[in-house]
Every structure is written in structure tokens, then in C-alpha cells.
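Examining the three-dimensional arrangement
The chain contents come next:
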Amino acid sequence: MKITARELNRATLGRQLLLQREPLTVGDAVRRIVALQAQQPASPYLALWNRLTGFAPADLYAAFADDTLVKATLLRITLHAVHRDDLRMVRDAMRPTLYASRLGARFAAAGLTPEDAARLEPGLLEFARRPRSNTEMKSWLGQRVGVERQEGAWWGLRAYAPLVHVPTGGPWSFGTSPSYVAAPEGGFSGESERGTEQALGDLILRYLKAFGPATVADAAQFALVRRARVRTALAALGDAVERLDGPDGTVLHDVPGAPRPPADTPAPPRLMAMWDSVLLAHADRGRVIPPDYRRLVTRVNGDVLPTLLVDGQVAGVWRPAEGGGIEAMAFHDLPPEAWDGLAEEARSLTALLADRESRVYSRYAHWWAKLPAGQVRVLPA
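Okay, so let's go over this structure. As a convention, each chain's residues are numbered from 1 in the sequence order in which they are written. pLDDT decides what is reported in this predicted model: residues at 70 or higher carry local features, side-chain atom pairs at 80 or more are listed and counted, and totals for whole chains, interfaces and linings draw on all residues regardless. Side-chain metrics rest on all non-hydrogen atoms present in the structure, leaving aside hydrogens and water.

Secondary structure summary: the protein chain contains 14 helices and 13 strands in total. By its C-alpha atoms, the protein chain is 65 × 50 × 35 Å across when sized along the principal axes. The burial tally for the protein chain puts 57% of its 381 residues in the buried class. Contacts in the protein chain between residues far apart in sequence, at least 24 positions, make up 69% of those at least 6 positions apart. For the purposes of this entry, the term helix denotes a DSSP run of H or I that reaches at least four residues, the term strand denotes a run of E that reaches at least two, and both are numbered from the N terminus. Any residue under 20% of the maximum accessible area for its type is buried, any over 50% is exposed, and the rest in between are partly exposed; the area is computed with a 1.4 Å probe on protein chains only. Residues count as neighbours in contact if any of their non-hydrogen atoms are within 4.5 Å of one another.

A pair of strands counts as paired when DSSP detects no fewer than two bridges linking them. Looking at chain direction, strand β7 (residues 242–245) and strand β8 (residues 251–254) are connected through four bridges and run antiparallel. Residue pairing in the sheet places leucine 244 in a bridge with leucine 252 of β8.

Of all five residues making up strand β3 (residues 79–83), five are buried, and the element is well covered by its neighbours. Here β3 shows no split at all, with Leu79, Ala81 and His83 on one side and His80 and Val82 on the other all buried. Pairing between strand β2 (residues 69–73) and β3: five bridges, direction antiparallel. Across the sheet, valine 70 pairs through a bridge with valine 82, a residue of β3.

Turning to its location among the elements, histidine 83 is positioned in strand β3. Given the relative accessible area of 12%, histidine 83 is considered buried. Setting aside chain neighbours within four positions, we find histidine 83 in contact with Gly27, Val30, Arg31, Thr68 and Leu69.

It is worth spelling out the nonpolar core at this point. Across soluble globular proteins, you tend to see nonpolar side chains buried next to one another. Put simply, a nonpolar core is a bunch of buried Ala, Val, Leu, Ile, Met, Phe, Trp, Tyr and Cys residues held in one set by side-chain atoms that sit within 4.5 Å of each other. Residues Leu46, Leu48, Leu271, Val317, Trp318, Leu349 and Tyr361 are the most contacted members of the largest nonpolar core, which totals 69 residues. For this core, the elements supplying multiple residues, two or more each, are α2 (26–33), α3 (43–49), α4 (57–65), α13 (291–297), β10 (307–310), β11 (313–320), β12 (326–330) and α14 (336–354). Sort the elements by how many residues they give to this core and α14 lands first, with eight residues. Apart from the residues lying within four places of it in its own chain, the contact partners of leucine 46 are Trp172, Ala273, Trp318, Leu349, Leu352, Leu353 and Tyr361.

Another point: the sheet that holds β10. The antiparallel open sheet is built from five strands, whose spatial order is β9-β10-β11-β12-β13. Single-partner strands in this sheet number two, and they are β9 (270–271) and β13 (375–379). Sheet topology note: the β9/β10 ladder contains two bridges and is antiparallel. Counted as the bridge partner of arginine 270 is leucine 309 from β10.

You can see aspartate 254 is positioned in strand β8. Pairs of N or O atoms are called polar contacts if they sit within 3.5 Å, as long as, within protein, a hydrogen donor faces a hydrogen acceptor (for residues adjacent in sequence, only side-chain-to-side-chain pairs). At 2.8 Å, the side chain of aspartate 254 forms a polar contact with the side chain of arginine 15. At 2.9 Å, the side chain of aspartate 254 forms a polar contact with the side chain of arginine 260. Every residue in contact with aspartate 254, bar those within four places of it in the chain, is listed here: Arg15, Leu208, Gly212, Pro213, Ala240, Val241, Glu242, Leu244 and Arg260.

Next comes the structure, spelled out in C-alpha cells:
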């Protein structure tokens, strides 16, 4: 079976709830789309506003408060929010990546070893039975490894150890000063390699349902795991996955029976959050980001800007306007109906932001002046 680039785009958008908003609870929505990129506290809210009918920010706030959703360092070693029932699966699948990335570098440079991590982890988790700040965690470690090594120890363990972020209030549930607590299901100790690979297989199936069809490289990029592990996991899944012929002869994998909308399925305009997962979940980001625009929306420091999605593709960027509303810059000429659709989205987004943070993402405004000239309008006016 063959699938075109446009059909691939529509399949992913449909599974990511971006072809039409759906009436789901926030918990069910996050399970459907696997995870919310949560590097910036506002982004999970904007991600669900883009995907759910009648989205109420209070529902997401409540889901974080009662641990229906938990925020931790997970996919691509960045902050994500996942359903609590999926936390163990995602973290177990990520274990080799977290081990390699966080128990080396600054952790190792501090003179610490993986054996030290195993020794320190149980006590750290016991200490984190109630919320602890960065300062408290470093102080606890300093008493055990020495003050000169506490920074490196905490740098490694805050991502490697099973810790989740505690909501601290504010407009978006989490502020700029994190607070940590031990994850409810415990630590990594005693986990088998077989269990880790089973978790990766489960994660790949969920990934394909939410972002597929996809290549081996795409799945590896999504979680930031080695491609060899993905190939092994796909082979073990057997008939649970099928192969497709993608654009330019690429080999794609998918879940049998997963929806693949026709190429001419309408894709309504959207004002996407910073770091939205649909922009980051594939090695070939041309599925959603035209190649000429990738360097414009993905900055050299890793920031992924708030984008305009038009006909299923990134067409520009947006930011809150000084006098209210949304300032949108299109990288190419857009037809009137696209601007009308963006204006309607801007009206809804402005209302959402008004009650929480009208100047959302303002700390990243410096990138606007570095973009090439484009069509600029203040919406919804």
C-alpha cells in the first residue's frame, strides 16, 4: 500500500486532533495524543485548546492538581505531561536514554558514577515524598556527596530519577521555580532489560496510533532512542504493525486499521503552541514544516516558535500584539479565507489568554526581529 505526502500529513493531523476539535476530557485527549510538550507552562493549555471543543483551562488545572496528568522529564529528555497511567511505560522505554545522557556529562564530571546514582536514588525518593525545591534537593545531595559535587549530582538525578513536577499555581499550573515529588510508582531499581524493551514496544504502538504512519527514524526521534532499539521493537511487534510505501520510497510503519483521511480532507487554520509535539515528533519534519521554513521556526538554541498552521502546513508565526489580539506573520501570501480562519482562531485565543496571561511567550519576543519580512496582520481585527 502506498501513501502520498499529503495523505501522510492528513493522517498525522487527524490522529493529533487537528483536523477537527473533539469533545474529549483532558485525560482522554492526552492519552490519545500520547504526551503534551510542557517545556513552557502555557504550552499544554494551548495544545489542548487547539484540539478540544469547549476546552476549559480549569479542567487541565484540575488534572494536574489531582495527578491525572503528571509532568516530568521524558521524551527527547525534555519536559512533557502524560497521563499518570502512561508514566511508567514512557519512563521505562526512556531508561537507557536517560541513563546515558544524565549519568554521564556533568554527573560524571563531578566524579560520580551510575553506582552512586543507584545508591542515592532510594533516599532521594524518600526525601521527595513531599514537594521539594531545587535548593532542598541540592542540599540533601550535598550532605551525601559534598557541596562541591551537589550541582552535578542534582543535574543528573533530577532527570534520571523518577521525579515529577508539582503544580505550584499561577495561570498555567507551573511557574518558573520547579517543585519536585517522587513519582508514585517508584524507582528504576531492579528493572529488567526485557521490561524496558517491552515498554518501548508499547510506546511505539502508541506513537504510531498518535503520529503515524512513521519511519524507524521518526519513532527514534520522537522518544530520542537508538534506531536499533526501534527496529528490534518493531520486529517483536509482528502483525501488530504493517508496512506502507511512503513518499520517495520510504518504508513506513503503522497500526492496521488506523485512520488515514483522504488527501483532500480540509485542515482548518490553527495557532500552534511553542514546541507543539506535532512539529517535533518526526525525523522528517517536512510532514508539517516546509523545509524552507524549518530554520525560521526552529531556532539554533532549540526554541520552536508559536506557528500558524494553514492547510496542514506551517505558514508563519504568531505572538500576542502589544495592544491586544494576535500579531501573525505569514511567510508567504495567504488567501483571504485563510486569514479569516486565523482571525477566528485569534478571537478565541485572545479570550483564553485574557484570563491568564495576555502576553504569553513574551520572554521569547526577541526572535521576531530576526525573521525575514512577511505578511503581518493583527488579528482578529
